[in-house]
Amino acid sequence: MRIAVCVKQVPDPETPPSQFKIDEAALAVVSPPGVPPVVNGFDLNAVEAALRVRETLAGQEVEITVLSVGTGFVMDVMKRPLSMGADRLVLVDDPSLAALDAVATVKVLAAAIRHTGPFDIVMCGRQASDWDQATVPLGLAEALDLPCVTLARSVQVQDSSVTVERVIVDGHQVIEAQLPALITFSNELGEPRYPNLRGIMAASRKTPETLTLEDLEITASDLEPALKLTRLFVPESGQECEFIEGEDDADAGRRLAVRLREAKLI
């Protein structure tokens, strides 16, 4: 069995707000000095899911390939899935991939998956922590003509099908899909495993495979954005605090109720 896991290098979501800067002219986030990027957290959930599938299929050979699209990759960051136990890391690296919209990202990822595949399962995080749009996995399933199950918290693989527990608002659904399929994973799966020393040493000896747009037969015109970003800014937030006083607590409570009714909040 062959499993592909799509991951993305993103700014660290734990970056202090005081260090988060926007270049409004360039329509880009400014990377804070001294704060390295990370692999998107939901994508690490997908890596963990792939590793669990391999553990449950102990009698079968399961190869896990991690794919990412972008540029300026930090190898110590991108090798984390390898140190967790993934077998291959494939990077589509080109300066023109620095600011793709979701449609162009789908085109490149789909081409990379076809180039390195075929795969029985494609796994993704539910969304990326930088833009939080959750559109790429759905578009990828459409481009690859695969059944798609989103927000998985567990997965079991049979001979030619997969059974997924899918998170919903008030519980979960159990869904079965035929392979090949695409599945997105949520943090309800559980914490991704922490790389041990053996895994870190093994990852240090592996060289990522690098693909170019030429390898994938993709041209610059293929990456024309379908969505145009016209403004990027940090919104200003202001608030006013009004203290409601009274002769005693009961009187203050009545006055508060009157004020809330005047504001049409109750």
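Scroll up to find the structure.
Residues numbered from 1 in each chain as written. Predicted model: local features only at pLDDT ≥ 70, side-chain atom pairs only at ≥ 80, totals over all residues. Heavy atoms only, no water.

What the protein chain contains, in helices and strands, is seven helices and 13 strands. Expressed along its principal axes, the backbone C-alpha trace of the protein chain runs to roughly 75 × 45 × 40 Å. Every one of the 266 residues in the protein chain was classed for burial, and the buried ones make up 39%. By sequence separation, contacts in the protein chain at least 24 residues apart represent 72% of the contacts at least 6 residues apart. In the structure as shown, the protein chain presents an accessible area of about 15,700 Å², 52% of it carried by carbon and sulfur atoms. Of the charged side chains in the protein chain, 24 are positive and 40 negative; the average position of the first set lies 2 Å away from that of the second. (Helix = DSSP H or I, 4+ residues; strand = E, 2+ residues; numbered from the N terminus. Buried < 20%, exposed > 50% of the residue type's maximum accessible area, 1.4 Å probe, protein only. Contact = heavy atoms within 4.5 Å. Areas by Shrake-Rupley, 256 points an atom, 1.4 Å probe, with all protein chains shown as cover. Lys, Arg positive; Asp, Glu negative; His and termini not counted. Charge placed at Lys NZ, Arg CZ, Asp CG, Glu CD.)

An ideal rise of 1.5 Å per residue puts 20 Å on 14 residues; helix α7 (residues 249–262) measures up with 20 Å between its terminal C-alpha atoms. Looking one or two places after α7, you find K264, whose phi comes out positive at around 60°. (Expected span 1.5 Å × (residues − 1).)

What follows covers the layout of surface pockets. Approximately 420 Å³ is the volume attributed to the second largest pocket. Around the second largest pocket, the lining comprises 20 residues; the ones closest to its centre are V39, N40, G41, L44 and R80. Secondary structure elements with two or more residues in the lining of the second largest pocket: β5 (38–39), α1 (41–56) and α2 (75–78). Counting residues per element, the lining of the second largest pocket draws most heavily on α1, at four residues. (1 Å grid on protein atoms, 1.4 Å probe; cavity = no way out; pocket = protein on both sides within 12 Å on 5 of 7 lines; lining within 4 Å. Points joined across faces, edges and corners; volume = space filled by probe spheres on them.)

A word on the nonpolar core. M1, I3, V5, M123, V157, V162 and F185 are the most contacted members of the largest nonpolar core, which totals 39 residues. No other element matches α1, which puts seven residues into this core. Ignoring sequence-local partners within four residues, the contact set of V162 consists of V155, Q156, V157, I175, E176, A177, L179, A181 and I183. Among the nonpolar cores identified, the runner-up in size contains 27 residues, and L109, A110, F119 and L146 belong to it. (Core = buried A, V, L, I, M, F, W, Y, C linked by side-chain atoms within 4.5 Å.)

Bringing the packing of aromatic side chains into the picture now. For the coordinates displayed, the defined rule picks out zero aromatic pairs. Stacked on the ring of F42, the Lys or Arg R126 has its end atom at 5.5 Å from the ring centre. A cation over a ring is seen here: R231 above F233, with NZ or CZ 3.9 Å from the ring centre. (Phe/Tyr/Trp six-rings, centres within 6.5 Å; stacked < 30°, edge-to-face > 60°. Lys NZ or Arg CZ within 6 Å of the ring centre and 35° of its normal.)

This paragraph deals with the pairing of strand β10 (residues 161–168). The buried count for β10 comes to six of eight residues, which makes it a mostly enclosed element. One ladder, built from five bridges, connects strand β9 (residues 148–157) with β10; its direction is antiparallel. What sits directly across from V155, in β10, is V164. Between β9 and β10, which follow one another and run antiparallel, lie three residues. Summarising the sheet, β10 and strand β11 (residues 171–178) pair through eight bridges and their orientation is antiparallel. Pairing of I168 across the sheet is with G171, part of β11. (Pairing = 2+ DSSP bridges.)

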